[in-house]
Amino acid sequence: MVAYGAEQRVRMPALRASWLTQTFVHWRFRSDDIQALLPEELIVDEYEGSAWVGLTPFVMVGMRPPGTPAAVPGLPTFAETNLRTYVRRRNGRDGLWFLSLEVAWPLMLAARAVGAPYNAGALSVTRSGDTVSYAGSRWGGGASYRLVVRPGQPIEPTEQDVWLTSRWRAYTRRLGILWEIPVEHEPWPLAYAAVEVLEETLTTAVGLPTPLAEPVAHFSEGVRHVRLGAARPCAREPDRA
């Protein structure tokens with residue numbers, strides 16, 4: 001079972017930040033369709049017999065190196081939107097695999113050095129009354145999205161809610177090496193969300209077919225104490241028989 005709280009301490013973070021005004025929109029897919037998009041070192045993590053893909057827009061606030069106070073003026077704040085799926089290594093360690101990463105701060109493209117699939121673009125996050133709107137499009141054309149959600153009341157997370165939202169490491173692949181990036185933060189405060197508008201081409205841009213069912217959505221005001229560890233290479237596991 002996926003842990004609701006962080007599975008490890010990130011004692012020496014490479015970056016600290018807050019992830020705020022985050023929405024999770026999840027679709028079910030056939031596992032074979034997702035496995036075809038993964039590197040050989042990773043296998044699809046299933047819930048109730050399906051693979052899941054999440055569209056997760058949010059605002060990155062106060063990103064800074066360790067030792068820098070959050071109150072320092074001029075720290076970057078920008079919108080980011082991730083398209084992610086859920087995976088396991090053969091040793092059972094679960095995590096995220098990013099199918100694409102959209103970002104409004106071009107300096108994040110430096111993370112391509114360890115295989116993070118960042119794309120720079122024009123992104124926005126706005127509130128109007130009791131709705132939250134997200135929009136983005138890649139520079140130079142291509143994939144785009146528009147999402148409007150109406151957050152509901154806070155919830156006590158079920159097993160499925162935790163499985164869809166809580167992961168404590170991400171995997172990337174670069175130069176034939178699988179990399180692991182650990183993360184630590186407080187548990188997500190969750191609410192259900194009603195999707196009022198959803199138009200996107202991010203899923204088709206990465207080669208996904210039509211999902212198996214309507215999306216499941218959650219909203220969170222966010223987490224303020226994010227500690228991201230440095231990417232580290234994963235030891236190669238024995239080939240399966």
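Residues numbered from 1 in each chain as written. Predicted model: local features only at pLDDT ≥ 70, side-chain atom pairs only at ≥ 80, totals over all residues. Heavy atoms only, no water.

Caption draft 1: The arrangement of the side chain of Glu102 in detail. For Glu102, the position within the fold is in strand S5 (residues 94–103). When near neighbours in sequence (up to four residues on either side) are disregarded, Glu102 contacts Ala79, Glu80, Thr81, Asn119, Leu123, Arg138, Tyr145 and Leu202. (Helix = DSSP H or I, 4+ residues; strand = E, 2+ residues; numbered from the N terminus. Contact = heavy atoms within 4.5 Å.)

Caption draft 2: Up close: the pattern of salt bridges. The final tally for this structure, using the stated rule, is 18 salt bridges. Across the pair Asp45 and Arg167 runs a salt bridge whose closest N-O atoms are separated by 3.6 Å. Of the two residues, Asp45 is situated in the loop between strand S2 (42–44) and strand S3 (51–64) and Arg167 in the loop between helix H2 (159–165) and strand S9 (169–174); the sequence distance between them amounts to 122 residues. Connected through salt bridges with shared partners, the residues Glu7, Arg93, Arg169, Glu180 and Arg232 form a single ionic network. (Salt bridge = Lys/Arg side-chain N within 4 Å of Asp/Glu carboxyl O.)

Caption draft 3: A look at the nonpolar core. Grouped together as the largest cluster of nonpolar side chains are 30 residues, with contacts concentrated most on Ile34, Val53, Trp97, Tyr134 and Tyr171. Mapped by element, the contributors of at least two residues to this core are strand S1 (15–29), S2, S3, strand S4 (77–89), S5, strand S7 (131–138), strand S8 (144–154) and strand S12 (216–228). The residues contacting Val53, other than those within four sequence positions of it, are Val25, His26, Trp27, Phe29, Ile34, Leu83, Arg84, Thr85, Leu99 and Leu208. In terms of nonpolar packing, the next biggest core, distinct from the first, is built from 28 residues, Ala17, Trp19, Met63 and Tyr86 among them. (Core = buried A, V, L, I, M, F, W, Y, C linked by side-chain atoms within 4.5 Å. Buried < 20%, exposed > 50% of the residue type's maximum accessible area, 1.4 Å probe, protein only.)

Caption draft 4: Quick look at unusual backbone geometry. Backbone geometry places Thr21, a non-glycine residue, at a positive phi of 50°. One non-glycine residue with positive phi stands out, namely Glu48, at about 55°. Here Glu48 is to be found in the loop between S2 and S3. Residue classification places Glu48 among the exposed positions, given a relative accessible area of 56%.

Caption draft 5: Layout of the environment of Trp179. Within the element layout of this structure, Trp179 appears in strand S10 (residues 177–184). Trp179 sits 65 residues away from Val114 along the chain, and the two C-alpha atoms are 7.1 Å apart. Within the structure, the side chain of Trp179 is placed 3.4 Å from the backbone oxygen of Ile177, a separation counted as a polar contact. (Polar contact = N/O pair within 3.5 Å; in protein donor to acceptor, adjacent residues only side chain to side chain.)

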